[in-house]
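Residue-level structure breakdown
Residue-level listing of the chains:
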Amino acid sequence: MSHTLLLAKDIIKSFRNGEQETCVLKGIDLNIPQGKMLALQGASGSGKSTLLNILGLLMRPTAGELMLLDQSLTNLSDGSLSKYRNQHLGFVFQYHNLLPDFTALENVAFPAAAPQGRLTGELRKRALHLLDRVGLSDRSHFLASQLSGGQKQRVAIARALINKPDLVLADEPTGNLDQDTAKQVMNLLREINRTDNTTFLISTHDNNVASKCDEIIRITDGKIAPT
Amino acid sequence: MPFSLLVSWRYITANSFQTLLLVLGVALSVVVFVFITALINGLSIFLTQETTSKIAHVELEPPNRIARVLIDDSRFVAQPVSTLQRKQIRNWQQVIDIAQFTPGVSAISPIVEGNGFLVRGEATRPVAIQGVEPSKVDAITNISAYIISGSAELTTGGLVIGADLATELGLLVGTPVLLKSERGAERLLPITGIFRVGLASLDQRVGFLSIRVARPLFELPDGITLLGLKLDDPAKAPAIATLLHNATQLKATAWQEKNKSLQNATEAQGRTGNFIQAFALLAIIISISSALLLSTYRRRAEIGIMRATGVSRQFVATVFILQGVFIGALGAMLGATAGYLLCVQLASITGPDGDAMLPIAPNEGGYALVITLTILGAALAAVLPARAASAVDPVEAIQQ
């Protein structure tokens, strides 16, 4: 049986726009077990992205509790949340969001080099190894702006893995790719999940992508839909 | 290399044309700073040199006679003390011994100073006589360099006078003139030299005589009235004057005390320069700050990604501060070099008389100051953009 990696209890998130308050998440309870690859699906506006942002510690919930590896994150400062994000989480975004003025290797190493203060030789080796793993070792010195869409997304996956995260949150990782490339990317994520026991939570509209995951979590109108 | 340094450098070299424009803008302000500083310092040096090259840097005189105040029960009575004695330095040889071993003293000239009149026919003009040793005629004022007729040779017993005084009395070299001293003594002396220093106080009123000739005219067979001193560094005159006063108990006056208006004028110039320098620095701060703020907005999404991956606010802020420092340092170096070359070029332009057209001092451009202030100013200018960058909300930035 898998251990719980991330536990969300009764997560509520509302946004205030002037006098009007909109409740986007209406009490989410979620248990993400270690080593699983989960898909998060829901219609536009269902609260999928907001939940992903809260689970990714990018946004604080209005109410509820979040626990990562049995540690409550509710009352942590912004600085501590940044550290948690850096050490325990990895992110893959729909538009890859690489830094265009840096090489593929520097982009991969960035989340580790910034806190360490130096781009050490060891870090370069690790970044190169990850690039090799996503099939881009020959592009390590290419600027991000010189890579194709699929290559950029693979660099983004390597970047998400540089700090050996416990959980990788992927927001529509194949949403901007053609079918073949999307398939390659999903195969890559699956392989990493299996070989490294890295947990993935993938937000997607694509049923093909969702079908490759161990479980599908559906969110409807701010709540987890019963399976 | 620290990673923040690498990221900053990559950012400022990513858009090299924009960075070049920004660095040139900073450099231009630095050139203005250097030019103004070199000009004001040059002017101050020029005026100070012009003045100090023609006067004693320290003058040693007998102390002033102070009226002693006697108090009785009903009234004050002020009674002068020792006014029956001549003011003179009798043991001046001993004072010279002390002065010549004082560090920083380069020349000493014993002087018998006195007032009198030059009389030619019915024309009479007041004259301030300086009786000096013939070998030391150039010790205080390099009179030989300003001679326009005759020579500054005093051994023959002649009189060397200023050009304006000579013109007023119609005197030429070789013309005899009657000198009546304030002590009532008279002597007919030939004019042996005429000088034009350019200072009205010298050209209109001063005459140089051999000390041997001056002694009987002013009834000072042994003593002198004044010891004039030249220093290696005129700026040290107040300190050396204090030292000599303590050693001799004579009244020691530094040249700065007698030329307060010059000091006031150079200080006023300095203040004007400070304003221009402050505006140049302000221009640097505003240009760097606005450019980096624009960069912050342009790179919002990238900053958002950095923050999302757990990069700290401090790292983001450091990257932007370092960009400011890089731009400031590059602009300061470039501007200081260009400013120096400009000043050297301007200092080499001479007028028809061979003198420099601008009294600019290329070595006094305040280079260390401007480089330090520019880098500090640039770092300060980057604080606001750095704060803005570190405050970027990763969720908002990524969604853009």
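Reading guide: rules and limits
Residues numbered from 1 in each chain as written. Chains lettered and ligands numbered in written order. Predicted model: local features only at pLDDT ≥ 70, side-chain atom pairs only at ≥ 80, totals over all residues. Heavy atoms only, no water. Helix = DSSP H or I, 4+ residues; strand = E, 2+ residues; numbered from the N terminus. Rg over C-alpha atoms; globule rule 2.2 N^0.38 Å. Buried < 20%, exposed > 50% of the residue type's maximum accessible area, 1.4 Å probe, protein only. Contact = heavy atoms within 4.5 Å. Areas by Shrake-Rupley, 256 points an atom, 1.4 Å probe, with all protein chains shown as cover. Lys, Arg positive; Asp, Glu negative; His and termini not counted. Charge placed at Lys NZ, Arg CZ, Asp CG, Glu CD. Core = buried A, V, L, I, M, F, W, Y, C linked by side-chain atoms within 4.5 Å. Salt bridge = Lys/Arg side-chain N within 4 Å of Asp/Glu carboxyl O. Pairing = 2+ DSSP bridges. Polar contact = N/O pair within 3.5 Å; in protein donor to acceptor, adjacent residues only side chain to side chain. Buried area = accessible area lost by both parts, 1.4 Å probe. Nonpolar A, V, L, I, M, F, W, Y, C, P; charged D, E, K, R; others polar. Axes fitted to C-alpha atoms, helices over the stretch in contact; angles between N-to-C directions.

1. Overview of the overall build of chain A
Each helix and strand in chain A was counted, giving 7 helices and 10 strands. In terms of overall dimensions, chain A is globule-like: its C-alpha atoms have a radius of gyration of 17 Å, near the 17 Å expected for 227 residues. Along the first, second and third principal axes, the C-alpha atoms of chain A reach 50 × 45 × 40 Å. Residue burial in chain A is summarised as follows: out of 227 residues, 54% are buried.

2. Observations regarding the overall build of chain B
Regarding its fold elements, chain B presents 15 helices and 12 strands. Over its C-alpha trace chain B gives a radius of gyration of 33 Å, far above what one expects of a compact globule, namely 21 Å for 400 residues. Its C-alpha atoms put chain B at 105 × 65 × 40 Å along the principal axes. Here chain B holds 400 residues, and 47% of them are scored as buried. A separation of at least 24 residues holds for 76% of the contacts in chain B among residues at least 6 apart in sequence. A total accessible area of about 19,500 Å² is found for chain B, and carbon and sulfur atoms account for 60% of it. Taking the average place of the 30 positive charges on the side chains of chain B and the average place of its 28 negative ones, the gap between the two points comes to 5 Å.

3. Looking at the nonpolar core
Core analysis: the largest hydrophobic core is formed by 60 residues, its most contacted members being A:Phe110, A:Ile157, A:Ile202 and B:Phe3. Examining the composition of this core, we find that 8 residues originate from one element, helix H3 (residues 104–116) of chain A, more than from any other. Judged by nonpolar contacts, the second largest core, of 45 residues, contains B:Ile129, B:Leu169, B:Leu217 and B:Trp255.

4. As for the pattern of salt bridges
Applying the stated criterion across every chain, the model contains 17 salt bridges over all chains. For B:Arg299, the salt bridge identified is with B:Glu302, shortest N-O distance 3.3 Å. For the pair B:Arg299 and B:Glu302, one class covers both residues: buried. A single network of salt bridges, built from pairs that share partners, joins A:Arg60, A:Asp78 and B:Arg313.

5. Re the pairing of strand E9 (residues 186–195) of chain B
Residue and element names in this part refer to chain B. Bridge count for strand E6 (residues 147–150) against E9 is 3 bridges, and the pairing is antiparallel. Bridged to Ile147 within E9 is Phe195. Where strand E7 (residues 159–162) meets E9, 4 bridges bridge the pair, whose relative direction is parallel. By the bridge assignment, Leu159 is partnered in E9 with Ile191. By the bridge criterion, 5 bridges tie strand E8 (residues 176–181) to E9 in an arrangement that is antiparallel. Counted as the bridge partner of Pro176 is Pro190 from E9. Joining the antiparallel neighbours E8 and E9 is a turn of 4 residues, in which Gly184 adopts a positive phi near 95°.

6. Observations regarding the side chain of A:Thr199
All names here are of chain A. Assignment of secondary structure puts Thr199 in strand E8 (residues 199–203). Within the structure, Thr199 has its side chain in polar contact with the backbone nitrogen of Gly35 (distance 2.8 Å). Within the local environment of Thr199, its side chain forms a polar contact with the backbone oxygen of Asp166, the two atoms lying 3.3 Å apart. Ignoring sequence-local partners within four residues, the contact set of Thr199 consists of Leu5, Ile32, Pro33, Gln34, Gly35, Lys36, Asp166, Leu167 and Val168.

7. Overview of the environment of B:Ile303
All names here are of chain B. Considering the arrangement of structural elements, one finds Ile303 in helix H11 (residues 300–308). A relative accessible area of 0% means that Ile303 is categorised as buried. Taking C-alpha positions, Ile303 is 7.6 Å from Ala397, a pair spaced 94 residues apart along the chain.

8. Description of the interface of chain A and chain B
Taken together, the contacts link 24 residues of chain A with 23 residues of chain B. If you sort the residues of chain A by the area they bury against chain B, A:Asp101, A:Phe102 and A:Phe110 come out on top, with a joint share of 23%. On inspection of chain A and its partner chain B, the count reaches 3 salt bridges. A salt bridge links A:Glu106 to B:Arg10; the nearest nitrogen and oxygen atoms lie 2.5 Å apart. Run the count over chain A and chain B and you get 9 residue pairs in polar contact (both at pLDDT 80 or more). Among the elements of the structure, helix H2 (78–88) and H3 of chain A are those that each provide at least two residues to the side of chain A that touches chain B. Looking at the side of chain A that touches chain B, the element that brings in the most residues is H3(A), giving 5 residues. Per-class residue counts for the side of chain A that touches chain B are 12 nonpolar, 6 polar and 6 charged.

9. Quick word on the sheet that holds strand E5 (residues 71–72) of chain A
All names here are of chain A. Here 4 strands make up an open sheet; going across it, the order is E2-E1-E4-E5 and the pairing antiparallel. Each having just a single partner strand, strand E2 (20–33) and E5 make up the two edges of the open sheet. Two elements, strand E1 (residues 4–17) and strand E4 (residues 63–68), share 5 bridges in a ladder whose sense is antiparallel. By the bridge assignment, Leu7 is partnered in E4 with Met67. Against the sheet, helix H1 (residues 48–55) contacts E1, E2 and E4, and its axis sits at roughly 60° relative to E2.

10. Observations concerning the sheet that holds strand E9 (residues 215–220) of chain A
All names here are of chain A. The 6 strands lie next to each other as E6-E7-E8-E3-E9-E10, forming an open sheet whose pairing is mixed. With partners counted over all chains shown, the strands left at the sheet margins are strand E6 (89–92) and strand E10 (223–224), one partner each. By the bridge criterion, 2 bridges tie E9 to E10 in an arrangement that is antiparallel. Following the sheet pairing, Ile219 is matched in E10 by Ile224. Packing of H2 onto the sheet brings it into contact with E6 and strand E7 (167–171), and relative to E6 it is tilted by some 75°.

11. Quick word on unusual backbone geometry
Outside of glycine, negative phi angles account for most residues, and trans bonds account for most peptide bonds. We note that A:Leu69 has phi near 50°; this positive angle belongs to a residue other than glycine. Structurally, A:Leu69 can be placed in the loop between E4 and E5. For A:Leu69, a relative accessible area of 37% translates into the label partly exposed. Residues other than glycine seldom take positive phi values, yet B:Glu219 does so here, at roughly 55°. Structurally, the position occupied by B:Glu219 is in the loop between helix H7 (211–217) and strand E11 (226–231).

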